[in-house]
Amino acid sequence: MSVNDKDTQDGPAEQVANRTEDGKRGPVKVIMLGESSVGKTCLVKRLLTRSFVDNTDVTYGAAYAPYTFRVGEEDVKMGIWDTAGSERFRSFISTYFRQAKAAVVCYSLDDLATFEKVRYWIEIVRQHEESCAMYICGTKADLVTTRNPAVVTSEMVESIALELTAAGIYETSSKTGKNVELLFQMIGEDFIKRAKQTDYVKDETESIQLTENGAAPTPDEKTEVKQKCC
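The shown structure was predicted, so the numbers you read here are calculated from the model rather than taken from an experiment. (Residues numbered from 1 in each chain as written. Predicted model: local features only at pLDDT ≥ 70, side-chain atom pairs only at ≥ 80, totals over all residues. Heavy atoms only, no water.)

Student: Mind showing me how you'd approach helix α2 (residues 40–49) here?
Tutor: One turn of the α-helix equals 3.6 residues, which is why residues spaced by three or four share an orientation. Counting buried positions along α2 yields seven of ten residues, so the element is predominantly enclosed. Of all the residues in α2, the buried ones are Lys40, Thr41, Cys42, Leu43, Val44, Arg46 and Leu47. At the exit of α2 stands Arg50, carrying a positive phi of roughly 55°. (Buried < 20%, exposed > 50% of the residue type's maximum accessible area, 1.4 Å probe, protein only. Helix = DSSP H or I, 4+ residues; strand = E, 2+ residues; numbered from the N terminus.)

The following block contains the structure:
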């Protein structure tokens, strides 16, 4: 399903915050980024259908896809936004960055030019969502063989991932399914960990009550406060 810029004002993009009004965890917003023809749409379709779709239509603006999987005892819902890589759409692509919790920045393992744009995509997302977790994803791993080695080496990817503090790096293949489910599974698990840490810090902060002199109360003072308020 393709959407235009206006649709994002009232559509799923506005429904992907950490928590819904009833306190339940809402869908994790994940954005797919990268140059045109690196295989972003094929990657999403492989995840959803577990099959390879070679001929895909050009993405105009962005396409939205829901995905749910299990992490421990919790069902994790994702809202995946497959964005267009063509330059003519870049003037409004940033609309889809709002509230994104993770970004999958794709490049093709057999195309150095697409890898050289990884920095651009990561930096532009962080201009809008500084805390968005970045995952660098090499696509078309099935094309890499001993006789036809990747033009983008693992050392090159590790270097930029370290420099730009990426959350993870993966080599995937939509044709064989290599690491596709693993990539999104790890995005979900990482999000749950961060969310729980945030909830813990919030709970700890809210549980501290200061006395009149600004210090944390002693156990006796806590009892006294309870007696006064009850």
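What follows continues from the structure just given.
Student: Could you clarify how one ought to interpret the confidence of the model for the protein in this entry?
Tutor: Low-pLDDT stretches of the model should not have their predicted coordinates read in fine detail. A residue-level look at the protein finds 69% of positions with pLDDT of 70 or above and a mean pLDDT of 80. Across residues 205–211, where pLDDT falls below 50, the model places ten contacts with residues more than four positions away in sequence or in other chains. Counting interchain partners and residues more than four positions distant, the pLDDT-below-50 stretch residues 222–230 has two contacts. (pLDDT = per-residue confidence, 0-100. Contact = heavy atoms within 4.5 Å.)

Student: Sorry, what's going on with helix α5 (residues 118–128) here?
Tutor: Buried within α5 we find Val118, Trp121, Ile122, Ile124 and Val125. The buried residues of α5 occupy one face: seen down the axis, they fall within an arc of 165°. (Arc of directions from axis to C-beta.)

Student: Would you mind going over the pairing of strand β2 (residues 28–34) with me for this structure?
Tutor: Moving residue by residue along a regular strand, the side chains alternate between the two faces of the sheet. Extensive coverage of β2 is indicated by the burial of seven of its seven residues. Of the two faces of β2, the one carrying Val28, Val30, Met32 and Gly34 and the one carrying Lys29, Ile31 and Leu33 are both buried. As judged from the five bridges shared by β2 and strand β4 (residues 74–83), these two strands associate in the parallel manner. When the bridges of β4 are listed, Met32 appears paired with Asp82. Summarising the sheet, β2 and strand β5 (residues 102–108) pair through five bridges and their orientation is parallel. By the bridge assignment, Met32 is partnered in β5 with Val104. (Pairing = 2+ DSSP bridges.)

Student: For this particular structure, what's the right way to read the packing of aromatic side chains?
Tutor: For any two aromatic rings, the description comes down to two numbers: the centre-to-centre distance and the angle of the planes. All chains considered together, the criterion is met by five aromatic pairs. Taken together, a centroid distance of 5.0 Å and an interplanar angle of 55° make the contact between Tyr64 and Trp81 tilted. Taken together, the positions of Tyr64 in strand β3 (residues 62–71) and Trp81 in strand β4 put the pair 17 residues apart, joining distant regions of the chain. Arranged with centres 5.1 Å apart and planes meeting at 70°, the rings of Tyr107 and Phe115 form a pair that is edge-to-face. Take Tyr107 and Phe115: they sit in the same class, and that class is buried. An aromatic cluster of at least three residues, connected via ring pairs, comprises Tyr64, Trp81 and Tyr96. (Phe/Tyr/Trp six-rings, centres within 6.5 Å; stacked < 30°, edge-to-face > 60°.)

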